[in-house]
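Residues per chain, in single letters:
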2 protein chains.
Amino acid sequence: MRIAIDAMGGDNAPECNVEGALAAAAEWKDTHIILVGDESKIGPLLSKNGGQVPSNISVQHAGEVIGPEDEPVKAVRRKKDASMVVAGRMLKEKEADAMISAGNTGALMTTGLLVVGRMEGIERPALAPMIPTLDGAGVLALDLGANMDAKPEHLAQYALMGSLYRQKVMRVERPRVGLLNVGTEPGKGNELTKHTFPLLEQMPIHFVGNVEARDIMSGNCDVLVCDGFAGNILLKSIEGTAGALFKLLKEQFSQNLKSKLGAAILMPQLRGLKDKLDYKEHGGAPLLGLSGLVVKSHGSADGNAIKNSVRQARIAIENQLVESISNEISGKRVTI
Amino acid sequence: MRIAIDAMGGDNAPECNVEGALAAAAEWKDTHIILVGDESKIGPLLSKNGGQVPSNISVQHAGEVIGPEDEPVKAVRRKKDASMVVAGRMLKEKEADAMISAGNTGALMTTGLLVVGRMEGIERPALAPMIPTLDGAGVLALDLGANMDAKPEHLAQYALMGSLYRQKVMRVERPRVGLLNVGTEPGKGNELTKHTFPLLEQMPIHFVGNVEARDIMSGNCDVLVCDGFAGNILLKSIEGTAGALFKLLKEQFSQNLKSKLGAAILMPQLRGLKDKLDYKEHGGAPLLGLSGLVVKSHGSADGNAIKNSVRQARIAIENQLVESISNEISGKRVTI
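Please read all numbers here as calculations on a predicted model, not as lab measurements.

This part takes up the overall build of chain A. From N to C terminus, chain A includes 11 helices and 12 strands. On the principal axes, the C-alpha backbone points of chain A span a range of 65 × 60 × 35 Å. Buried positions account for 58% of the 336 residues belonging to chain A. Partitioning the intrachain contacts of chain A with sequence separation of at least 6 by distance along the chain shows that 71% fall at a separation of at least 24. For chain A, the computed accessible surface area is about 13,700 Å², with 48% contributed by carbon and sulfur atoms. Side-chain charges in chain A split into 38 positive and 39 negative, and the spacing between the mean points of these groups amounts to 2 Å.

This is the structure in structure tokens:
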């Protein structure tokens, strides 16, 4: 299988992307990695330890870069030779089986829509990252920002796509799908969730009903369905609260000698706790509902995170994720 | 001034309500407290220490109670002699200047709408609790659940009402009003926030723009405007994350003797931290946009929380909060 990596995307590009590609190529000999970006920058990094470039890595030159400040739609339309856009085109033209990028999220979603293209029957693709839970298993949440004003039908498609992803790529046998809402009773919510609830009851998924934001971290579902606006509020509230708490802990623990001593004893535990809550640890987020597999790595991804995204992409390709979603959406159910 | 307390509302009713009423009556001699509820239960509690009932406390008998499981609209319509409904009627008929309840939130909002009545010019009243911030000042957030499908005009009215409340009751001179959104740039968000932004720019408030969920706890605004659905997701995510973190901390700290020692040293700091994040500590939440002042105390309020709600109600009455909002809404701006 062939996986295209946007070598110029992310805060640590191109170094981390090349590093991740080298690690992935060494581990999975059956996988061909195509690094897309500025050849003059990628080349020296590939051979910097005087080593030979592995035979399962190649470089596809792309002269432009979409930066974090670029306006997504404008950038994707104008920078036709941007590394992200070229990787998207390779996916579209079946020169790659998946693409990975740690670059500008909005631009990647636009690349998905305008370059890779929607899957037939899907109205709105969805970005599906993992939200950390106390048990470490995480919740796949979608949509997390691709689609701000969703309709009930969109949420029903998210449910199906998320359930298949969780099943095929993350090996959860019968994923519990929950609907993010303000109360657990079926009649609760706004117009969107009230109309989505009966649709989810009819889907070929294991729908467990409404889930409240306060219970997400207890891990009471495997897939969480929400519109992009609510999903963003949820994810960023969790991030903000955890960040604020760690800041407060740090302040309180350095107040005096006694608390400093206590903190020193507890430091290993605290670090473990922080890692547990770091959603970057959960790897890349798939962009579901496109005609090809696109994985978004976190902007601050390091080489290891890129390698993890390759791992995810490999499992998705092996298990024919995109084909399965397409079959479910078009009604031709496949045996899993 | 006369303040009606729904003596039968809340998890610890009627004890905590009577206790709070006694404490408030002792502190503010100019305030007359009317305890509304079952006379046979309130009477003995009022004189349980063999003391005389203070002259600034009276009891208004009400034979029914709305419980936490009652369906709000049905309960308010049918239980005409419920303590909450009777207190609402006293407010409506100017027999009280404010009412306080720790009972069923949905039923209290319904009592506000159907019994007390909306203020002229207000389409949707809003529930406005405080969200804790790192600096301890808190953010007044509205709406938090009264109105699930808000329109831009509703959010504009929330902004005005929240700003006035923060100014008059909480003494913030020039409250910074933020709009809860998925990014800080003016063009960000869903249809609701995109259309609300220009309206807020035109309001007689200090609008500081969009605010992301992750920055709320840093205290970058004094008033946060959002629809009831997003507000619920925000508040419950904060609550859930803080709860999950404290649970994890507790687990990690009891892992072995060394960590137990560290935890014992740090316990006072940890407790302080938990209190800081406890939004119950911030007192009652006003229900703004009604023709009279209604304050919602937390369901698990104790005597002290009820007394704090009386304090808030007193300040609001002294500063003519309801009249000020009414004047602003009807265009007759008053000098503050």
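Turning to the packing of helix α6 (residues 152-168) of chain A against helix α11 (residues 321-329) of chain A, a few remarks are in order. All names here are of chain A. Two elements in contact, α6 and α11, have axes whose closest approach is 10 Å; the angle formed by their N-to-C orientations is 145 degrees. Relative to α11, α6 is oriented so that their crossing is right-handed. Residues Q157, L160, M161, L164, Y165 and K168 of α6 pack against L321, S324, I325, E328 and I329 of α11. Broken down by class, the residue content of the contact of α6 with α11 amounts to seven nonpolar, two polar and two charged.

Next up on the list: the interface of chain B and chain A. Listed by partner, the interface residues are 48 residues for chain B and 48 residues for chain A. In total, about 4,500 Å² of surface goes out of reach between chain B and chain A, with carbon and sulfur atoms giving 73% of it. The tally of links between chain B and chain A comes to four salt bridges. Two residues, E212 of chain B and K236 of chain A, come together in a salt bridge whose shortest N-O distance is 2.3 Å. Here chain B and chain A share 10 residue pairs in polar contact (both at pLDDT 80 or more) between them. When contributions to the side of chain B that touches chain A are tallied by element, the ones reaching two or more residues are β8 (176-181), α7 (191-202), α8 (228-253) and α9 (257-277) of chain B. With 20 residues, α8 of chain B is the single largest residue contributor to the side of chain B that touches chain A. Among the residues forming the side of chain B that touches chain A, the class breakdown is 25 nonpolar, 14 polar and nine charged.

Here we take up the packing of aromatic side chains. All chains considered together, the criterion is met by two aromatic pairs over all chains. With 5.1 Å between their ring centres and 70 degrees between their planes, F197 of chain A and F207 of chain A make a pair best called edge-to-face. With F197 of chain A in helix α7 (residues 191-202) and F207 of chain A in strand β9 (residues 206-212), the pair connects residues that are 10 residues apart, well separated along the chain. We classify F197 of chain A as buried; its relative accessible area is 9%. When its relative accessible area of 16% is taken as the criterion, F207 of chain A is described as buried. Seen from the ring of W28 of chain B, K307 of chain B lies directly overhead, with NZ or CZ sitting 5.8 Å from the centre.

So, on to the packing of helix α4 (residues 83-92) of chain A against helix α5 (residues 105-116) of chain A. Residues and elements named next belong to chain A. At a minimum axis distance of 9 Å, the contact between α4 and α5 shows a crossing angle of 35 degrees. Considering the relative orientation of α4 and α5, their crossing is right-handed. Here M84, V85, G88, R89, L91 and K92 of α4 lie close against α5, whose contacting residues are A107, L108, T111, V115 and V116. The residue makeup of the contact of α4 with α5, split by class, is seven nonpolar, two polar and two charged.

On to the sheet that holds β9 of chain A, then. For sheets, the rule is that strands pair by backbone hydrogen bonds, running either parallel or antiparallel. All names here are of chain A. Strand order in the open sheet made by the five strands is β6-β7-β10-β8-β9, with mixed pairing throughout. Every interior strand has two partners, whereas the edge strands, β6 (130-131) and β9, have only one. The strands touched by α7 within the sheet are β8 (176-181) and β9, with β8 carrying the most contacts at an inclination of about 170 degrees.

Right, let's talk about the relation of the copies chain B and chain A for a bit. With an RMSD of 0.1 Å, the operation that places chain B on chain A is a rotation of 180 degrees combined with a shift of 0.0 Å along the axis. Viewed as a symmetry operation, the transformation between the two copies matches a two-fold axis. Closest approach to the rotation axis among the C-alpha atoms of chain B is made by G262 of chain B, whose C-alpha sits 2.0 Å away. Here 100% of the contact residues of chain B are again contact residues in chain A; the copies associate through an equivalent surface.

What follows concerns the pairing of strand β12 (residues 293-296) of chain B. Residue and element names in this part refer to chain B. Side-chain alternation along β12 places L293 and V295 on one buried face and V294 and K296 on a second face that is also buried. Bridge count for strand β4 (residues 98-101) against β12 is four bridges, and the pairing is parallel. Residue I100 lies in a different strand from β12, and its bridge partner there is V295. Bridge analysis of strand β11 (residues 285-288) against β12 gives three bridges, and the strand direction is antiparallel. Following the sheet pairing, P286 is matched in β12 by V295. Following β11, the chain reverses through four residues before pairing antiparallel with β12; G289 in that reversal takes a positive phi of roughly 105 degrees.

Reading the values: the criteria
Residues numbered from 1 in each chain as written. Chains lettered and ligands numbered in written order. Predicted model: local features only at pLDDT ≥ 70, side-chain atom pairs only at ≥ 80, totals over all residues. Heavy atoms only, no water. Helix = DSSP H or I, 4+ residues; strand = E, 2+ residues; numbered from the N terminus. Buried < 20%, exposed > 50% of the residue type's maximum accessible area, 1.4 Å probe, protein only. Contact = heavy atoms within 4.5 Å. Areas by Shrake-Rupley, 256 points an atom, 1.4 Å probe, with all protein chains shown as cover. Lys, Arg positive; Asp, Glu negative; His and termini not counted. Charge placed at Lys NZ, Arg CZ, Asp CG, Glu CD. Axes fitted to C-alpha atoms, helices over the stretch in contact; angles between N-to-C directions. Left-handed = near helix turned anticlockwise from the far one by under 90°. Nonpolar A, V, L, I, M, F, W, Y, C, P; charged D, E, K, R; others polar. Buried area = accessible area lost by both parts, 1.4 Å probe. Salt bridge = Lys/Arg side-chain N within 4 Å of Asp/Glu carboxyl O. Polar contact = N/O pair within 3.5 Å; in protein donor to acceptor, adjacent residues only side chain to side chain. Phe/Tyr/Trp six-rings, centres within 6.5 Å; stacked < 30°, edge-to-face > 60°. Lys NZ or Arg CZ within 6 Å of the ring centre and 35° of its normal. Pairing = 2+ DSSP bridges. Least-squares fit on C-alpha atoms with pLDDT ≥ 70 in both.

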